[in-house]
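Results of the structural survey
Residues per chain, in single letters:
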Amino acid sequence: MKIEEKIQNAVADALQVLYGYDAPENLIQLQSTRKDFEGDFTLVVFPLTKISRKNPEVIATEIGEFLKEKLDEVYSFNVVKGFLNLEVDSSYWIGKLQDAWTCELYGIIEADDDAELVMVEYSSPNTNKPLHLGHIRNNLLGFSLSEILKANGFKVVKTNIVNDRGIHICKSMLSWQKWGNRQTPEAVGKKGDHFVGELYVEFNNQYKKEIAELMAKGFSQKEAEEQAPSIREARQLLLRWEAGDKDVVELWQTMNNWVYEGFDATYKKMGVNFDKIYYESETYLVGKQEVMRGVEKGIFQQKDDGSVWADLTDDRLDKKLLLRSDGTSVYITQDIGTAKLRFKDFDIDKMIYVVGNEQNYHFQVLAVLLDKLGYSWGKGLHHFSYGMVELPGGKMKSREGTVVDADDLIEEMVQVARDMAQELGKLDALTPDEAERTYEMIALGALKYFILKVDPKKNMLFNPEESIDFNGNTGPFIQYTHARIQSVLRKAIEKNLSVTDYQELFSSEISFKEKELLKRVAQFPAIVKEAGLNLSPALIANYCYELAKEYNQFYHNHPILAESDKQRRNLRLLLSATIGKVVKTGMGLLGIEVPDRM
RNA sequence: GCCCCGAUAGCUCAGCUGGAUAGAGCAACUGCCUUCUAAGCAGUAGGUCAUGGGUUCGAAUCCCGUUCGGGGUACCA
């Protein structure tokens, strides 16, 4: 039984014995003691004043005496105002350290055969432009979330839905035909996704020009947007694509493959991956069928012009279009089809969509629609709604060229890491390949930590000038701490020091900071659990930072290898090794690697 | 208009289901490398937790109003 539960039970006994009162659980408020007070756990006694009719100090003292008497672990107590601070014997915490060190996968629960299966959808790019900072947040959150769920004993299937068809793709295709000189990415030496992205931008430039020309001739803006030749041609392409025109489909495949090659390179660099990829081109027809089935069942309505609608006003939502009057599908049609396929392919217990909060309404609607279509899992889908990444100038807009490109950003950060490491001269002993590998690790550590440490639900600001930092509350700070620990451990091995007898450690004298660290290590499994329940990588990130920070404080004024007292030295070694392990595991849950030297 | 979300130090962010004197980092200033990695450590300064009320023994946290900001409300995705 966990010590917290033990204390709680004992407090319940105390209330029974001392005041003859059966306390409901929520009246016993046990929390960990704030740093500025003596103790490990604190019982808030204010709520108990009503039942005993004594003043808080008296109650606290009486309960304190009771607990000290009854629980071996409770070593002493003190009372400050209405707070009963309990001090737990340090051997208890040292035992926890031993558990953490000897446990193969500390803090991790592995999935067993009847573990629930969670599918996590993330990334979900369009194939007409390269990935940008917004996708980075999405990818990092999706990947980390998956790791955290796995660590909580779930089976996880990571999935991606690629929006590979539609008018936007046709725009790029048309652009390639008309203004792209029929080049290839290889020929011009560009990454495929960037190559196609530029074609898309070119389309928009031409389109804008045409609109301006038409408006100069007296068309209204709306008419001009409708009538511009290039948009009409793009629509033609879409019709031909849907009709299965061989040339169009071939071009579409070729261009998408260019993009996929580019995406794969970016995914690889970011260290994210998928177990199963769905393509909209393979799911949208299923969606259409489902919608038509809904019409037959009478849950959706088809208007005279052929368009299909769902009336969701009873669910406090609006009327929603499901199929256009020309019979083509919209965004949500595709999501219906994809959902159906997924549940056919996998035995999904829980579906999580990692998609920005601008689509909150969309997912509310999707849940209701799936439910109406008769899928029991529809209402249970979870939209993991994360905030936007803003730039100092405001929101990123692809059309206005204010996006931060994913590849560029990563490359820039690697360069900063490289410059810094070379200036510090720390990696000179490594081979060029190893050094380069480390620069990347640090750069990505900085980027990933920067993004994952903030509460996913909130919008966040990324300032390219200032956000690239490697000092303070950053990924590299934590990575550095790990490298530092490994350095100590390497030296310990050189000196032939190792911890074999755990028993002798239990009587070690420990400092305040050491105890803080022991408690912090003992906390890790609970943090992983909480991160899983709250779906929050930020909790892991903040924990890792606190742990690293406290280790550095410890490191600064506690000799480890040079400690003359053998017991103390061994305890510090074990503490260091364990913290190194926890940091590595924790950062691993964020998808961040930690180097052994930096 | 209607619906959702947010506001904590100059800046970026923590602050768990209400608990003790609201915390970090960056930026500014000051110390610490002959000692296990200074991408570090220690210190100074910086706050009317947007604002007005309410609930409570106790509110940054819960409820209501106001102001400001963001998003949604498409035959775009």
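To keep things clear, this report deals only with the structure shown in the data block. (Residues numbered from 1 in each chain as written. Chains lettered and ligands numbered in written order. Predicted model: local features only at pLDDT ≥ 70, side-chain atom pairs only at ≥ 80, totals over all residues. Heavy atoms only, no water.)

Here we look at the protein's contact with RNA strand B
Where we set the bar: Residue proximity to a molecule or strand is established when one non-hydrogen atom of the residue lies within 4 Å of it. In the analysis that follows, any N or O atom pair within 3.5 Å is treated as a polar contact, provided that within protein one partner can donate a hydrogen and the other can accept it, and provided that, for residues neighboring in sequence, both atoms belong to side chains. Each helix is a run of H or I in the DSSP string that is no shorter than four residues. Each strand is a run of E no shorter than two, and both are numbered from the N terminus. In this classification, the charged set is Asp, Glu, Lys and Arg, the nonpolar set is Ala, Val, Leu, Ile, Met, Phe, Trp, Tyr, Cys and Pro, and all remaining amino acids, among them Gly, are polar.
Every one of the 64 residues lining RNA strand B counts as a neighbour, but Asp-305, Arg-324, Lys-426, Tyr-480 and Arg-484 are closest to it. Put simply, 63% of the atoms of RNA strand B that lie within 4 Å of the protein are in sugar or phosphate. Contacts to RNA strand B include Asn-126, whose side-chain N or O atom sits 3.4 Å from a sugar or linking oxygen. Taking Ala-483, its main chain carries an N or O atom lying 3.3 Å from a base oxygen of RNA strand B. Counting only elements with at least two residues in the surface near RNA strand B, the list comes to β2 (41-44), β4 (83-88), α15 (406-424), β15 (460-461), α17 (475-494) and α19 (537-557). Residues of the surface near RNA strand B, tallied by class, amount to 29 nonpolar, 18 polar and 17 charged.

Some details on unusual backbone geometry
Condition: The rule is simple: take the accessible area with a 1.4 Å probe, protein chains only, and divide by the maximum for that residue type; under 20% is buried, over 50% is exposed, in between is partly exposed.
Phi is positive for Lys-81, close to 50°, though the residue is something other than glycine. Along the chain, Lys-81 falls in the loop between β3 (74-80) and β4. Exposure remark for Lys-81: the relative accessible area of 61% places this residue in the exposed category.

A look at the side chain of Ser-508
Using the following cut-off: Contacts between residues were defined by any pair of non-hydrogen atoms, one from each residue, lying within 4.5 Å.
Mapping Ser-508 onto the fold places it in the loop between α17 and α18 (512-534). A distance of 2.9 Å separates a polar side-chain atom of Ser-508 from the backbone oxygen of Leu-505. When near neighbours in sequence (up to four residues on either side) are disregarded, Ser-508 contacts Ser-90, Ile-94, Gln-567, Arg-568 and Leu-571.

Some remarks on the nonpolar core
Put simply, the rule is: The definition of a nonpolar core used throughout is a set of buried Ala, Val, Leu, Ile, Met, Phe, Trp, Tyr and Cys residues joined through side-chain atoms within 4.5 Å.
Residues Ile-63, Leu-67 and Leu-133 are the most contacted members of the largest nonpolar core, which totals 151 residues. The dominant element in this core, judged by the number of residues it contributes, is helix α16 (residues 432-452), at eleven residues. Here Leu-133 is in contact with Val-389, Leu-391, Met-396, Val-404, Leu-409, Ile-451 and Phe-462, once residues within four sequence places are set aside. Of all hydrophobic cores here, the second largest spans 31 residues; its members include Val-291, Leu-317, Val-368 and Leu-381.

A short note on the pairing of strand β6 (residues 155-162)
So the rule is basically this: Note on pairing: DSSP must find at least two bridges between two strands before they are called paired. Seen with the strands pointing away from the viewer, any crossover whose path from the first strand over the helix to the second strand runs clockwise is right-handed.
By the criterion of burial, β6 is predominantly enclosed, with seven of the eight residues buried. Relative to β6, strand β5 (residues 117-121) runs parallel, the two being bridged by five bridges. Within β6, the position partnered with Leu-117 by the bridge is Lys-155. Crossover handedness for the path β5 to helix α5 (residues 133-151) to β6: right-handed.

Some thoughts on the sheet that holds β4
The criterion, for reference: Simply put, an axis is a line fit to the C-alpha atoms, just over the touching stretch for a helix, and the angle between two N-to-C directions goes from 0 to 180 degrees.
Pairing is antiparallel in the open sheet, where four strands are placed in the order β1-β2-β4-β3. In this open sheet, the two edge strands, each paired with only one partner strand, are β1 (29-32) and β3. Adjacent strand axes in the sheet meet at a mean angle of 25° when their direction is disregarded. For β3 and β4, the ladder comprises six bridges, and the chain directions are antiparallel. By the bridge assignment, Val-74 is partnered in β4 with Val-88. Sitting on the sheet, helix α1 (residues 3-19) touches β1, β2 and β4, and the angle it makes with β2 is about 35°.

Here's the deal with the environment of Val-291
By secondary structure assignment, the location of Val-291 is in helix α12 (residues 280-297). Val-291 sits in the buried class, given a relative accessible area of 0%. Measuring from C-alpha to C-alpha, the distance between Val-291 and Asn-471 comes to 53 Å, with 180 residues separating the pair along the chain. Beyond its immediate stretch of four places on either side in the chain, Val-291 contacts Phe-300, Val-308, Leu-322, Leu-323, Thr-333 and Ile-336.

Observations concerning the pairing of β2
Covered by surrounding structure in β2 are Phe-41 and Leu-43 together with Thr-42 and Val-44, the residues of both alternating faces. Strand direction decides the pairing type here: β1 and β2, joined by four bridges, are antiparallel. Across the sheet, residue Gln-29 finds its bridge partner in β2, namely Val-44. The pairing of β2 with β4 spans four bridges and is classified as antiparallel. Bridge assignment links Val-44 to a residue of β4, and that residue is Phe-83.

Let's talk about a negative patch on the surface
Our working rule: Residues qualify for a patch when their relative accessible area is over 30% and they have no salt bridge, like charges being joined within 9 Å and the nonpolar side chains of Val, Leu, Ile, Met, Phe, Trp and Tyr within 5 Å. Only the protein chains shown count as covering a residue, and every accessible area follows the Shrake-Rupley method with a 1.4 Å probe. Basic side-chain nitrogens of Lys or Arg form a salt bridge, by our definition, when they fall within 4 Å of a carboxyl oxygen of Asp or Glu. By the counting scheme adopted, Arg and Lys are positive, Glu and Asp are negative, and His together with the chain ends is not counted. A charged residue contributes its charge at one atom only: NZ of Lys, CZ of Arg, CG of Asp or CD of Glu.
Judged by side-chain charge, Asp-408, Glu-411, Glu-412, Glu-465 and Glu-466 come together as a negatively charged surface patch. Looking at the secondary structure, you find Asp-408 in helix α15.

A few points about the packing of aromatic side chains
Ring pairs (aromatic) are described by centroid distance and by the angle formed between their planes. Applicable threshold: Pairing of aromatic rings covers Phe, Tyr and Trp, the last through its six-membered ring, and needs centres within 6.5 Å; plane angles under 30 degrees mean stacked, over 60 mean edge-to-face, and all others mean tilted. Only lysine NZ and arginine CZ atoms are considered, and such an atom sits over a ring when it is within 6 Å of the ring centre and within 35 degrees of the ring normal.
The tally for this structure, following the rule as stated, stands at 21 aromatic pairs. Ring centres of Trp-241 and Tyr-284 lie 6.0 Å apart, and the angle between their planes is 40°; this geometry places the pair in the tilted category. Taken together, the positions of Trp-241 in helix α10 (residues 229-242) and Tyr-284 in helix α12 put the pair 43 residues apart, joining distant regions of the chain. We classify Trp-241 as buried; its relative accessible area is 9%. Note that Arg-165 overlies the ring of Tyr-284, its terminal NZ or CZ placed 4.1 Å from the centroid.

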